[in-house]
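Geometric and topological summary
Residues per chain, in single letters:
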Amino acid sequence: MDFELSPEQREIQTLARDFGAEKIEPHAAEWDREHRFPRELFGELAALGLMGVCVPEEYGGAGADFLSYVLVLEELSRADAGVGVTVAVHTSAVTLPILTFGTDEQRSRFVPPLARGEHLGAFALTEAEAGSDAGALRTRAEPDGDGDGWRITGAKQWITNARYAGTVLLFARTDPETPGAGGVSAFILDGDHVRVTRDEEKLGLNSSVTNDVVVEGATVGRDRLLHDEGKGFRVAMTTLDGGRIGIAAQ
Ligand SMILES: Cc1cc2nc3c(=O)[nH]c(=O)nc-3n(C[C@H](O)[C@H](O)[C@H](O)COP(=O)(O)OP(=O)(O)OC[C@H]3O[C@@H](n4cnc5c(N)ncnc54)[C@H](O)[C@@H]3O)c2cc1C
């Protein structure tokens, strides 16, 4: 097995390292002290293709491989781990699951704005009483009176990027009769479907935002359901399997 990086992987690694040294590192201590989310930075990362490194070019990404993406996370995190976690959640926990589980229509509609960095992505699974035991989540998606859709209501906790998110991958119980993981579905929401109620005060990663949010009767159609109804937990667990690699790269 060849463990050498390819010339393309080295090139992306160098690009991210240089960007980190020039644009992130000099400000990292100040952002950390002031708990400042450097919103403008993500536009600059997007201009270099670094908000969608491993997303195919046809969906607005840089078309590189997953290892290149991990190298970028290492380099960004070397400069500031808060920036690393923002990009990791945006990519691994939102963009990639939509690519993996989305219909053609969902991929074409939701992935390009994420990959081009026009939207920041958030992944909303955790709740106050559903952390490690994520299948216990209580946010509910009830059939919408008008027909083929849902009305989503609930509260989520510790959601990275939520305050600035344009796209939120959110998990809700569509089947109240099935407790645990079985009754959960995944939905692609817009940022304004959720309301941020709190900024978490963390001990570190202070240039990233971690929020409590509520969803207050957001109505969505079937076009917002990611993967099959009742299969949301599979989406969540598959996402976290990939996401752990990104978090490890920090
Ligand atoms: C900075 C930060 C960012 C985050 N971003 C997101 C995000 O973007 N989206 C999101 O959905 N969530 C996010 N989370 C939430 C994170 O995924 C949860 O913290 C995680 O799911 C664990 O839940 P918990 O903290 O409630 O811990 P708990 O579930 O209360 O667990 C506490 C401890 O008990 C242990 N434990 C739990 N159950 C058992 C058991 N049955 N047997 C033995 N030991 C057990 C755990 O291993 C852990 O050590 C974030 C958290 C942090 C800190």
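Refer to the structure presented above.
Residues numbered from 1 in each chain as written. Predicted model: local features only at pLDDT ≥ 70, side-chain atom pairs only at ≥ 80, totals over all residues. Heavy atoms only, no water.

1. Here we look at the site of the ligand
Looking at the ligand, the residues that line it are Phe-123, Leu-125, Thr-126, Gly-131, Ser-132, Trp-158, Ile-159, Thr-160, Lys-202 and Thr-210. Note that an oxygen atom of the ligand is positioned 3.4 Å from one of the backbone N or O atoms of Gly-131. Contact with the protein chains covers 40% of the free accessible surface of the ligand, which is 990 Å². No other element matches the three residues that strand β3 (residues 149-160) contributes to the shell around the ligand. (Near = heavy atom within 4 Å. Polar contact = N/O pair within 3.5 Å; in protein donor to acceptor, adjacent residues only side chain to side chain. Areas by Shrake-Rupley, 256 points an atom, 1.4 Å probe, with all protein chains shown as cover. Helix = DSSP H or I, 4+ residues; strand = E, 2+ residues; numbered from the N terminus.)

2. Brief notes about the pattern of salt bridges
Scanning the entire structure with this criterion turns up 19 salt bridges. Between Asp-104 and Arg-107 there is a salt bridge, and its shortest N-O distance comes to 3.0 Å. In this pair, Asp-104 and Arg-107 both sit in helix α5 (residues 104-115), three residues apart, roughly one turn of the helix. Since its relative accessible area comes to 55%, Asp-104 is described here as exposed. As a salt-bridge pair, Asp-199 and Arg-163 come within 2.9 Å of each other at their nearest N and O atoms. Of this pair, Asp-199 sits in strand β6 (residues 194-199) while Arg-163 sits in the loop between β3 and β4 (165-173), and the two are 36 residues apart along the sequence. Salt bridges here are not isolated pairs; linked through shared partners, they connect Arg-17, Glu-75 and Arg-78. (Salt bridge = Lys/Arg side-chain N within 4 Å of Asp/Glu carboxyl O. Buried < 20%, exposed > 50% of the residue type's maximum accessible area, 1.4 Å probe, protein only.)

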